[in-house]
Amino acid sequence: DYCDVFLTHDSTSVRKAHNSGRNHLQNVRDYYASINQEQIQSMIDTIAKQYEEQSLPKPSGLITPSPMVFGSGPLSGGGE
């Protein structure tokens, strides 16, 4: 979704390798860094509306959105 790459062997293992690659991860960071706050809020509102239409409980992240910060959090290995 973030790369202009054609995978010649589109299998689960090839997609997984691509998605964990340095260039793909940088493209994802660049994509989300380029989105402004209004676009982010619009995406959150759209997702929340879909949950409401299906009578599903909203995930906790949709109730109180928090800013996205890359390189922090429990999975970053930063030891926080």
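## Remarks on the overall build of the protein chain
Within the protein chain, the secondary structure is distributed over four helices and zero strands. The buried share of the protein chain, taken over its 80 residues, is 9%. Sequence-distant contacts in the protein chain: of pairs separated by 6 or more residues, those separated by 24 or more amount to 28%. Accessible area of the protein chain: about 6900 Å², with a carbon and sulfur share of 53%.

## Here's the deal with the packing of aromatic side chains
Evaluated as defined, the whole model comprises three aromatic pairs. Relative to Tyr-32, the ring of Tyr-2 lies with its centre 5.8 Å away and its plane at 50°, an arrangement referred to as tilted. Placement of Tyr-2 in the segment before helix 1 (12–19) and of Tyr-32 in helix 2 (residues 22–34) is noted, with a sequence separation of 30 residues between them. Among the aromatic residues, ring-to-ring pairing joins Tyr-2, Tyr-31 and Tyr-32 into one connected group.

## Looking at the pattern of salt bridges
Inspection of the entire model under this criterion finds one salt bridge. Taking the shortest distance from any N to any O, the salt bridge between Asp-10 and Arg-15 comes out at 2.7 Å. When its relative accessible area of 52% is taken as the criterion, Asp-10 is described as exposed. Assessed through its relative accessible area of 36%, Arg-15 is described here as partly exposed.

Criteria and cut-off values
Residues numbered from 1 in each chain as written. Predicted model: local features only at pLDDT ≥ 70, side-chain atom pairs only at ≥ 80, totals over all residues. Heavy atoms only, no water. Helix = DSSP H or I, 4+ residues; strand = E, 2+ residues; numbered from the N terminus. Buried < 20%, exposed > 50% of the residue type's maximum accessible area, 1.4 Å probe, protein only. Contact = heavy atoms within 4.5 Å. Areas by Shrake-Rupley, 256 points an atom, 1.4 Å probe, with all protein chains shown as cover. Phe/Tyr/Trp six-rings, centres within 6.5 Å; stacked < 30°, edge-to-face > 60°. Salt bridge = Lys/Arg side-chain N within 4 Å of Asp/Glu carboxyl O.

What is shown is where atoms sit, not what they do.
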